[in-house]
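Okay, here's what each chain looks like letter by letter:
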Amino acid sequence: MTNRRTFLDASGHAPLHPAARAAFDQALDEGWADPRRLHTEGRRARALLDGARAALAAALGARTEEVFLSGSHTASLHAAVRGIARGRRRVGRDVVVSAVERAAVLAAAEFVAAGAPGAAPGRRVIVGVDGLGRVDVAAMADAVAAPGVALAALQVANGEVGTLQPVPAVAAAARRAGVPLLVDAGAAVGHVAIPDDWDVLAADPGDWGGLGGLGVLVVRSRVRWSPDWPADEDAWFPGGVSVPAALAAAVALEHAVAERAAADTHRRGLVDRIRRTVAATVPDVEVVGDPTDRLPHVVTFSCLFVDGEALTGELDRQGFAVGSGSACTSSALEPSHVLAAMGVLTHGNVRLTLPVGVRDDDVDRFLAVLPAAVARVRDVLGVRDL
Amino acid sequence: MTGAEPVVVDARHLRCPLPVIELAKAARDAPGGTVLTVLTTDPAARHDVPAWARLRGHALVSIETVSGSDRVAMTDGDVLAITVRTSG
């Protein structure tokens, strides 16, 4: 047995890009001061922060003044849903979401739909998905066209199963209805081309090789919004953010975009190999998500009669860090709402998110140890000939 | 159909994936066409029993919440009764 570690759980927490580390280090020297101050040190920090916003804007197809920085992807999504809903409170309180949105979107939609005490509540309208995890376009178009909708939200791709969502079709329907569309690009930016027909877009630097502790929210100038939180010079995210983290995020994204084509080919090929090999070598396994129209680096499968916590623990002991959507692996007893909405097995789930630069021989070693690891967990549970 | 009484598998308070495993053991030992009901307090079973049935070619008959009814004593949390008919 080897002590070598292989990290295959890069979703939202990818390894830091070396160029991002260098940029962060440089910004600690030059951009440590408060960018709101007017002295030389403050102005230097402001210049780095503005440069980071400009670079992020260029990579995301937006103008610099449309880019806002938050403390986390979750904070971006919460603020976006709350700010737009409040801006459109005279139109309605309903929020339309797909069933497989990130928990932060679902929770924020529920929060704003509930409304202020004494106010008339709205509804969180959840649109279902098919067996691959793709939202029902016709149902979502109908839902946004109904009266009283404050906003709609749809992800670019599902970070748990990799399936790409039909953003252009839903964006067209939302535009026809005059409803702003929030697009969660958290699992997608840096990995696939991003559609440009959104009103508000949230992106996650931790996912593309920047540091954690920063989120990016892009709000088209035309979007009406209003904070339901106290006023601040940084209106979307009061208090501002770490300048070094912002610079690291911008530099990491420039590299991710420049290296995307090569990383796409490499990781897409590995995911194809994983999908084929797992289906062939593990009995009673369901490989889920769209096999082709998907993120290049995410692959998910569920093993029948397997305890997900035991399997991730077994793989960890053998040197592999993997994710799981099984209930047994979370503090809650509820399994992944994504797997549940798709109607696929929620137990025995393993989710691999391959970082850029993942090594082929590490993936091959994972594929070599997996069948025996699954068999061991099944033996412990007394599963034989079921 | 065998015409026999439906088989009840009491998997209350077992956590995933044990309810599905207990149901699968009962299904293995029963003739084709047997109607089996699993009682479970595991929220994952609502999704995993139908997925198991689909993988094995069994038919899903019903999913009911039965807490507080006469069929089972009240417990902490909801009790689901999920019924399938085995293939063959």
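Predicted model only: the values in this text are computed from it and were never measured. (Residues numbered from 1 in each chain as written. Chains lettered and ligands numbered in written order. Predicted model: local features only at pLDDT ≥ 70, side-chain atom pairs only at ≥ 80, totals over all residues. Heavy atoms only, no water.)

**Student:** Can you help me understand a positive patch on the surface in this one?
**Tutor:** Residues and elements named next belong to chain A. A surface patch of positive charge is lined by Arg86, Arg89, Arg90 and Arg224. Turning to its location among the elements, Arg224 is positioned in the loop between strand 8 (215-219) and helix 7 (243-258). For Arg224, a relative accessible area of 62% translates into the label exposed. (Patch = residues over 30% accessible without salt bridge, like charges linked within 9 Å, V, L, I, M, F, W, Y side chains within 5 Å. Areas by Shrake-Rupley, 256 points an atom, 1.4 Å probe, with all protein chains shown as cover. Salt bridge = Lys/Arg side-chain N within 4 Å of Asp/Glu carboxyl O. Lys, Arg positive; Asp, Glu negative; His and termini not counted. Charge placed at Lys NZ, Arg CZ, Asp CG, Glu CD. Helix = DSSP H or I, 4+ residues; strand = E, 2+ residues; numbered from the N terminus. Buried < 20%, exposed > 50% of the residue type's maximum accessible area, 1.4 Å probe, protein only.)

**Student:** What is the right way to read unusual backbone geometry from this model?
**Tutor:** The step from Cys16(B) to Pro17(B) runs through a cis peptide bond, and the omega angle for that step is 0 degrees. Inspection of the secondary structure assignment puts Pro17(B) in the loop between strand 1 (7-10) and helix 1 (18-29). Notably, Phe305(A) is not glycine yet its phi reads approximately 60 degrees, a positive angle. Looking at Phe305(A), the relative accessible area reads 2%, which means it is buried.

**Student:** What should I look at first to understand the pattern of salt bridges in this one?
**Tutor:** Opposite charge on two side chains permits them to pair, given that their charged atoms come into close proximity. Residue and element names in this part refer to chain A. Scanning the entire structure with this criterion turns up 31 salt bridges over all chains. Two residues, Arg37 and Asp34, come together in a salt bridge whose shortest N-O distance is 3.3 Å. A salt bridge links Arg220 to Glu66; the nearest nitrogen and oxygen atoms lie 3.8 Å apart. Pair noted here: Arg220 is in the loop between strand 8 and helix 7 and Glu66 is in the loop between helix 2 (40-60) and strand 2 (67-70), with a separation of 154 residues, a long-range link. Pair check on accessibility: Arg220 and Glu66 agree, each one buried. The structure contains a network of salt bridges with shared partners spanning Arg36, Asp232, Glu233 and Asp234.

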